[in-house]
Amino acid sequence: MYILIYSYNYYPEPIGIAPLMTELAEGLVKQGHQVRVITGMPNYPERQIYEGYQGKWYLTEEKNGVTIQRSYLRIKSKPNLLDRLLLELSFVFTSLPQALRGKKPDVILLTVPPLLVSLPAAFLGWLYNCPVVLNVQDILPEAAIRIGLIKNKSMIRVLTFLEKFAYRNSHTISVISEGFRENLVNKGVPNKKIVCIPNWVNINFIQPLKNEHNSWKSEHQLDGKFVVLYSGNIALTQGLETVIETAVRCRDIKDIVFVIAGESKALERLQKYCLSCGADNVLLLPLQPREKLPEMLAASNVGLIVQKRNVISFNMPSKIPLLLASGRPIIGSVPKNGTAAQAIQLSGGGIVVDPESPDALADAVQKLYKNPTLGTHLGKKGREYAVENYSFEQALESYEELFSAVTSEQEQGSTAPVVTPLSSKKSLVEN
């Protein structure tokens, strides 16, 4: 099968959807498929084109059998709403010529956000008469509206139209949680058009390693400390000020240290907040190289998932499978009726507390500090759940079956929404 993946983010970007799409593309190649990826010049999360890719309009690479076709992006390091719109538009217009330079695909996998990319993907689906599978990683524009990023009513109307366009013009929609399915069904998307395939983790790469005698821990002078870790994207949906305020409440216990690893610009803001709060038990680090990830997770005693109270069914942190696979207990400072809380509770690998509540988060941290047996129990349950539900092999097989089903349906001339009786695997969350 010839598969075209349209993904704004891809290798070598270290976090978010990029590592997932890279693993999926390379996994499909290993299964004997031909894969071509349309993406932009790498820039995330620093919003700066990486060295070696600057000043280029187009670039074609090959990595592990995947053809990667990159195109120019208009990037601003501190984007306002207009800059974000121009960024998406630049990718729409520059990526289309790249997409047309290649063999006709049997199926197109499109990841959103960004929403505007649904326009060239729909055109390519029509041009090549092939199905477009829409992979929804965040539900826009709802996420941007809820966190206050978009307030202009005209812009909201345009983006809402684009959202409906993307759902209507895709053959199938793959979502990463059942909360997403419910959100889309409430917006009028037929349930039979939706399949749930959760994001995955490489359970062979991320394993429960020993906490002590850990070189990463020693390197950062954390030996003998109870490490509470947040690592990954620092966005408006999180509100990591809650973590810093929690650290202040735990200052009396000298063994507890909070570690936040993220992009440098966000760390500068958090550093100022730490100084204003007197949080001297917080260690701020840049994003760590991917090869250091297993050791960093093993160095922690607790992994944090943090969201603001209005983040309910439009965001699902990809770090949840990662933390579960590491065998470390999770504390989720997240809305109790949201998708993240559901995932943590279903796994049995963590504790959920009220979002934006430093007191509740501090109580949970101290509970695990004082009761290491509980932490070990939660970590073990989480690892078991990750192995059973979030393995890459399960997700890869699910995507293969999905692609096979939609291409067969297309060949038979069916115009009905996909209703794919995928085999009942634990990687699929069923109704």
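Values in this document were obtained by computation on a predicted structure and should not be read as measured data.

S.K.: Any details on the overall build of the protein? Residues and values, ideally.
M.R.: Secondary structure summary: the protein contains 15 helices and 14 strands in total. Oriented by its inertia axes, the alpha-carbon framework of the protein measures out at about 65 × 45 × 40 Å. When burial is assessed residue by residue, the protein has 57% of its 431 residues classed as buried. Restricting to contacts in the protein with at least 6 residues of sequence separation, those with at least 24 account for 74%. If you sum the accessible surface of the protein, you get close to 18300 Å²; carbon and sulfur atoms cover 52% of it. Distance from the positive charge centre (46 side chains) to the negative charge centre (40 side chains) of the protein: 5 Å.

S.K.: Outline the packing of aromatic side chains, listing residues and values.
M.R.: Following the criterion strictly, the structure yields ten aromatic pairs and no others. Summarising the aromatic geometry, the rings of Y6 and F91 are spaced 6.0 Å apart at their centres and angled 75° between planes, so their arrangement reads as edge-to-face. Here the residue Y6 occupies a position in strand β1 (residues 2-6), and F91 occupies one in helix α2 (residues 81-100), the gap between them amounting to 85 residues. For the pair Y6 and F91, a shared accessibility class is recorded, and that class is buried. An aromatic cluster of three or more residues is present, and its members are W200, F392, Y399 and F403. Over the ring of Y11 we find K63; its NZ or CZ atom is 4.3 Å from the centre of that ring. Between the NZ or CZ atom of R101 and the centre of the ring of Y58, over which it lies, the distance is 4.9 Å.

S.K.: Any chance you could break down the sheet that holds strand β11 (residues 282-286) for me, citing the residues and the numbers?
M.R.: Sheets are built from strands that pair by backbone hydrogen bonding, the pairs being arranged parallel or antiparallel. Ordered by their spatial adjacency, six strands build an open sheet running β11-β10-β9-β12-β13-β14, and the pairing between neighbours is parallel. Unpaired on one side and paired on the other, β11 and β14 (350-353) mark the two borders of the sheet. For this sheet, the mean inter-axis angle between neighbouring strands, taken without regard to orientation, is 25°. Running at roughly 165° to β11, helix α9 (residues 264-277) makes contact with β10 (256-262) and β11 of the sheet.

S.K.: Report on the sheet that holds strand β2 (residues 34-40), specifying residues and quantitative values.
M.R.: The eight strands lie next to each other as β3-β4-β2-β1-β5-β6-β7-β8, forming an open sheet whose pairing is mixed. Unpaired on one side and paired on the other, β3 (58-63) and β8 (194-196) mark the two borders of the sheet. Neighbour-to-neighbour, the strand axes of this sheet turn through a mean angle of 20°, independent of strand direction. With five bridges connecting them, strand β5 (residues 107-112) and strand β6 (residues 132-136) associate as parallel partners. Residue pairing for β6: T111 is matched across the bridge by N135. Contacting β1, β2, β3, β4 (66-71), β5 and β6, helix α1 (residues 17-30) crosses the sheet at an angle of about 160° to β2. This element, helix α15 (residues 392-411), spans β1, β5, β6, β7 (172-175) and β8 of the sheet and lies at about 125° to β5.

S.K.: With reference to specific residues and values, describe helix α6 (residues 178-186).
M.R.: Turning to α6, its buried residues are G179, F180, R181, N183 and L184. Residues of α6 that are buried make contact with β6, α4 (142-146), α5 (153-169), β7, β8 and α12 (339-347). Positive phi appears at G188, one or two residues downstream of α6, with a value of about 95°.

S.K.: Can you break down the side chain of K319 residue by residue, with the values?
M.R.: Among the secondary structure elements, K319 is positioned in helix α11 (residues 319-325). There is no salt bridge for the buried K319, and the closest opposite charge comes from E263, which lies 9.2 Å off by N-O distance. When residues no more than four places from it in sequence are discounted, the contact partners of K319 are Y230, S231, G232, L304 and I305.

S.K.: Before we move on, could you go through the pairing of β5 and cite the residues and values that matter?
M.R.: Burial within β5 is extensive, with six of its six residues counted as buried. Taken together, the four bridges between β1 and β5 define a ladder with parallel strand orientation. Residue pairing in the sheet places I5 in a bridge with L109 of β5. In this region the chain leaves β5, passes through helix α3 (residues 118-128) and returns to the parallel neighbour β6; the handedness of that crossover is right-handed.

Definitions and cut-offs
Residues numbered from 1 in each chain as written. Predicted model: local features only at pLDDT ≥ 70, side-chain atom pairs only at ≥ 80, totals over all residues. Heavy atoms only, no water. Helix = DSSP H or I, 4+ residues; strand = E, 2+ residues; numbered from the N terminus. Buried < 20%, exposed > 50% of the residue type's maximum accessible area, 1.4 Å probe, protein only. Contact = heavy atoms within 4.5 Å. Areas by Shrake-Rupley, 256 points an atom, 1.4 Å probe, with all protein chains shown as cover. Lys, Arg positive; Asp, Glu negative; His and termini not counted. Charge placed at Lys NZ, Arg CZ, Asp CG, Glu CD. Phe/Tyr/Trp six-rings, centres within 6.5 Å; stacked < 30°, edge-to-face > 60°. Lys NZ or Arg CZ within 6 Å of the ring centre and 35° of its normal. Pairing = 2+ DSSP bridges. Axes fitted to C-alpha atoms, helices over the stretch in contact; angles between N-to-C directions. Salt bridge = Lys/Arg side-chain N within 4 Å of Asp/Glu carboxyl O. Right-handed = clockwise from strand over helix to strand, strands pointing away.

Geometry only, nothing functional implied.
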